[in-house]
Amino acid sequence: MYTSHNWFAYGTKIIAYVLAALLPVWFLPQPFGVDFGREITFGILIAVGAIAWLVSLLTSGEMRYPHSPILYAAAALLAVLGASALLSGSPYLSAFLADPAAERWVTLAMGLALMAAVAGGLRSRGEAGTLLFILIFSGAVAALLSALQFLFDVSILAAFGVAAGAGVNVIGTANGLALFYAALLMMTLGLLLSPAAHAWKGWVRGALIAAAFFFFLDLLLVNFRTSWVVLLGSGIVLFGLLLIDISKYRNNEISGGGKPRFGWRQGAALGFVILSIVMIMARGSIIRELDLPAEVSPSLGATFSLAGSVFREGPLRVFFGSGPGTFGLDWARYKDASINQTIFWGVRFNQGQSWLATLLPTAGIL
């Protein structure tokens, strides 16, 4: 029999599953647009899921909350960025209106709420595994559509009158899409190479192999070097974890007997590491040349130089920066004069070399 606590906890779990299913593919057609439609949809779902999780705590008669160094670090980062937004010259911009959305304080607050709700709402390994499978299979559908778009110029977004072009997608830029598929590929490989995979039904393993193929195909088509670097680092970690499995056999921590040996799973992980190294060194297109829009951003040196200019405004800026989402304003004030002699003289960059590097001038050293 379901109690009110169980119903609210169940609602949190279902919303987490819906979010995982929608993340790779969801968009709203005009007049909402891709970015605004996704922000509104996901914001509502996250808010409802977080509220349902909190209500489930209140109705259960006991206080249960997820505790993890990751959550604590995220909460500390959110607090620092909140203080930075309040001390900013444009607090409302930093908190709610900054472009891109990843710089806004409210976006990071929703991210923390989602982390806490998912960690608190999924109580078993099976539920967490279901979330992962939903995300991977939904991502595989998106990867298939991306491959059709890259190879044959067939765009679902264009069919709905949203946008056209080889690099247009619901995730962001083509390079951002490659990073997203790189993360999903590593999740898929982790599942396929896990010791539990042999107990799954054949169609599940086949679907995972197909998903990995589509992710890898899109990575080859975009061929964004940073995505291969991410895969190399993740592959090394995966290879290390599989080597630990061998030592567990040696210490009788895994049942099944047999001598510890270097098996096909370790060999597959090592082969993927080698493949990532080869792809990092590769030049030019792998399958076909794509007509992708150029993605230009300030260099790491230019980003650090801008941070130095912001820090010279005083100690407050050293610790808290100019405020989240204000990189574009800082660029307009402090960009190097030599930029005016280039074709980018009239461009106001809203981000630095990377999200993390951008935080230095906008959020300070904290």
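Predicted model only: the values in this text are computed from it and were never measured. (Residues numbered from 1 in each chain as written. Predicted model: local features only at pLDDT ≥ 70, side-chain atom pairs only at ≥ 80, totals over all residues. Heavy atoms only, no water.)

This part covers the side chain of Thr-12. Residue position: Thr-12 is located in helix 1 (residues 4-22). Look past the residues within four positions of Thr-12 in its chain and what remains in contact with it is Gly-49, Ala-52, Trp-53, Ala-117 and Gly-121. (Helix = DSSP H or I, 4+ residues; strand = E, 2+ residues; numbered from the N terminus. Contact = heavy atoms within 4.5 Å.)

Tracing the sequence through the fold places Gly-139 in helix 6 (residues 125-152). On the accessibility criterion, Gly-139 (0% relative accessible area) is buried. In sequence terms Gly-139 and Phe-180 are 41 residues apart; their C-alpha atoms lie 9.0 Å from each other. Not counting the four nearest positions on each side in its chain, Gly-139 is found in contact with Pro-24, Tyr-181, Leu-184 and Phe-215. (Buried < 20%, exposed > 50% of the residue type's maximum accessible area, 1.4 Å probe, protein only.)

Once that is clear, we can look at unusual backbone geometry. A negative phi angle is the norm for most residues apart from glycine, just as the trans form is the norm for most peptide bonds. Not every positive phi belongs to a glycine, and Asn-223 is a case in point at roughly 55°. Of note, Asn-223 is situated in the loop between helix 9 (202-222) and helix 10 (225-250). Residue Asn-223 is classed as buried on the basis of its relative accessible area, which comes to 18%.

Okay, helix 9 next. An ideal rise of 1.5 Å per residue puts 30 Å on 21 residues; helix 9 measures up with 31 Å between its terminal C-alpha atoms. Residues of helix 9 that are buried: Val-204, Leu-208, Ala-211, Ala-212, Phe-215, Leu-217, Asp-218, Leu-219, Leu-220, Leu-221 and Val-222. Phi turns positive one or two residues past the end of helix 9, at Asn-223, with a value near 55°. (Expected span 1.5 Å × (residues − 1).)

Attention shifts here to a nonpolar patch on the surface. Together, Val-25, Val-141, Leu-144, Leu-145, Leu-148, Phe-152, Val-154, Ile-156 and Phe-160 make up an exposed nonpolar region whose accessible area comes to about 740 Å². At 5 residues, the largest contribution of residues to the nonpolar patch is made by helix 6. On the secondary structure map, Phe-152 appears in helix 6. (Patch = residues over 30% accessible without salt bridge, like charges linked within 9 Å, V, L, I, M, F, W, Y side chains within 5 Å. Areas by Shrake-Rupley, 256 points an atom, 1.4 Å probe, with all protein chains shown as cover. Salt bridge = Lys/Arg side-chain N within 4 Å of Asp/Glu carboxyl O.)

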